[in-house]
Amino acid sequence: LGPLVGAIDQGTSSTRFLVFNAETAELLSHHQVEIKQEFPREGWVEQDPKEILNSVYECVEKTCEKMQELNIDISNIRAIGVTNQRETTVVWDKTTGEPLYNAIVWLDLRTQSTVERLLKRIPGKNKTFSKFKTGLPLSTYFSAVKLRWLLDNVEEIRKAVEDQRALFGTIDSWLIWVCTCGTNGGIHCTDVTNASRTMLFNIHSLEWDPELCKFFDIPMEILPKVRSSSEIYGLMKICPSRESGALTGVPISGCLGDQHAALVGQMCFQDGQAKNTYGTGCFLLCNTGQKTVFSEHGLITTIAYKMGKDKPVFYALEGSVAIAGAVVRWLRDNLGIAKTSQEVEKLAADVGTSYGCYFVPAFSGLYAPYWEPSARGIICGLTQFTNKNHIAFAALEAVCFQTREILDAMNKDCGIPLSQLQVDGGMTNNKIFMQLQSDILCIPVVKPSMPETTALGAAMAAGAAEGVEVWSLNPGDLTAVTCERFEPQINPEESEYRYARWKKAVMKSMGWETSDVPSNGKPK
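Residues numbered from 1 in each chain as written. Predicted model: local features only at pLDDT ≥ 70, side-chain atom pairs only at ≥ 80, totals over all residues. Heavy atoms only, no water.

## What to know about the side chain of Asn411
Move 1: For Asn411, the location among the structural elements is in helix H12 (residues 388-414).
Move 2: Among the polar contacts made by the side chain of Asn411, one reaches the main-chain amide nitrogen of Leu418 at a distance of 3.0 Å. (Helix = DSSP H or I, 4+ residues; strand = E, 2+ residues; numbered from the N terminus. Polar contact = N/O pair within 3.5 Å; in protein donor to acceptor, adjacent residues only side chain to side chain.)

In structure tokens form, the structure reads like this:
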């Protein structure tokens, strides 16, 4: 075996550690742990940063054990890449290394009143006021408003900021800081892709924006240093608080937000190449090359990657959908109509239709292309005939319709319609779902046979970094990926009819929630 590269993939619902062969891109070993999401109040979503950290250690340990059983020498791991759920916000104490509050997850809605308050300070209440600087609309989704909420509502954090003990970071920063020895000289950094999701970062100058920091009233000294997506940030170290020393001394040299990592893992290095990832949410990214493209149809502009200190930055247009795989988890955990995600898929497969039932899973409002925070989830078109199978089918169909909405927007913004859709992520293991997606889009859907493209992207960035250089990103050296193709099988008229009904259901989900709830957090 040649050189190996590891990847920490810290997602919203699970953490994985994966090890790849740098020469063949083959996945050799991995381990996955599901992580808890806490919902302390309606609309709130939190995770414990310590649990996230421990899940990373556990995945690293278990993967290394599995490799030893396979007689693969772990000392061949030359680099580690980090990829993460984006926007999720952590503030910790640099003197104790302890988080000062739970991580506020990207899906969380507690900041709706913060957003409304900030909007009042903008001429014309224009929520796209910073679009040309950040690429983003003012929304509960991005980190700046979460950080503002923490500073407004958590005394301990306010105090730590005053005492200059506080550090802010997205999950990548938290993990890199702790893994490079935290309180003993840990590296406080992030990469351009994660920084581009905070709403505090100028995507042209590639620097924190003093005007935006002033607007959100965020002290710049708590922000991490912004680096490229592919360079040595620091070395994995053993700290006294940690038993695991398996990868001590290995450079951490790749860092990308999970959707950006998937774009890299799908080899979308050319202008116009796109991928759609089905995880907790669903994210369609299209590489727009070395220029920013601003959407007229509700997409956001984001940094795709920057593969080295002196390498150019690439940009992407993104369609973000909050709830995809999460709707399957909701049917499993909240409604209890199935014990596993596979069972939800089987319920849907058994009927093969929703019988006119439509499910709009706007649990966190609607993201792209509507950016409508007042929307809430609805299931409509119910009759006495409807049963749990139809609802399961409608849930899968909802993910397909939401993808169609962002694909339509992407095609309008780019002017050149995508002739096929490259896909990845957990839900793509379900063949019925893949066929349904192709039918609803009326174009072929193409899935790589190795579905872990997010981790692969992080491994590629880490392995290609200057000083590591075990993975070549030259187009000629990239191994061709074997794929499975799903072709549309229903007539386009039927597809159009169902899509039109879906859009009608979306309209009915809007304008449901207002933020004038009494202060105890219970709606009136």
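And the narrative resumes.
## Some details on the packing of H12 against helix H15 (residues 492-509)
Move 1: Viewed as axis vectors pointing N to C, H12 and H15 meet at an angle of 90°, and their least axial separation amounts to 11 Å. Accordingly, the angle class assigned to the pair H12 and H15 is roughly perpendicular. From H12, Glu397, Ala398, Phe401, Gln402, Arg404, Glu405 and Asp408 reach across to H15, where they touch Ser495, Glu496, Arg498, Tyr499, Trp502, Lys503 and Val506.
Move 2: Of the residues assigned to the contact of H12 with H15, the class counts are 5 nonpolar, 2 polar and 7 charged. (Axes fitted to C-alpha atoms, helices over the stretch in contact; angles between N-to-C directions. Parallel < 35°, antiparallel > 145°, perpendicular 65-115°, else oblique. Contact = heavy atoms within 4.5 Å. Nonpolar A, V, L, I, M, F, W, Y, C, P; charged D, E, K, R; others polar.)

## Quick word on the sheet that holds strand E14 (residues 251-257)
Move 1: Here 6 strands make up an open sheet; going across it, the order is E3-E2-E1-E5-E14-E13 and the pairing mixed. Two strands lie at the open edges of the sheet, namely strand E3 (27-34) and strand E13 (230-235), each paired on one side alone. Here the average twist between neighbouring strands, direction ignored, is 25°.
Move 2: Pairing of E13 with E14 involves 3 bridges; the strand directions are antiparallel. (Pairing = 2+ DSSP bridges.)

## Some points on the environment of Gly381
Move 1: Inspection of the secondary structure puts Gly381 in the loop between strand E20 (378-380) and H12.
Move 2: Residues Gly381 and Ala505 lie 124 residues apart in sequence; the distance between their C-alpha atoms is 8.8 Å.

## Here's the deal with the packing of helix H10 (residues 325-333) against H12
Move 1: Where H10 contacts H12, the axes come no closer than 9 Å and their chain directions differ by 160°. Overall, the two elements H10 and H12 adopt an arrangement that is roughly antiparallel. In this structure, H10 crosses over H12, and the sense of that crossing is right-handed. Judged by residue contacts, Val327, Val328 and Leu331 of H10 engage Ile391, Ala392, Ala395, Leu396 and Val399 from H12.
Move 2: Here the contact of H10 with H12 is built from residues that sort into 8 nonpolar, no polar and no charged. (Left-handed = near helix turned anticlockwise from the far one by under 90°.)

Remember, this is a structural readout, not a statement about activity or role.
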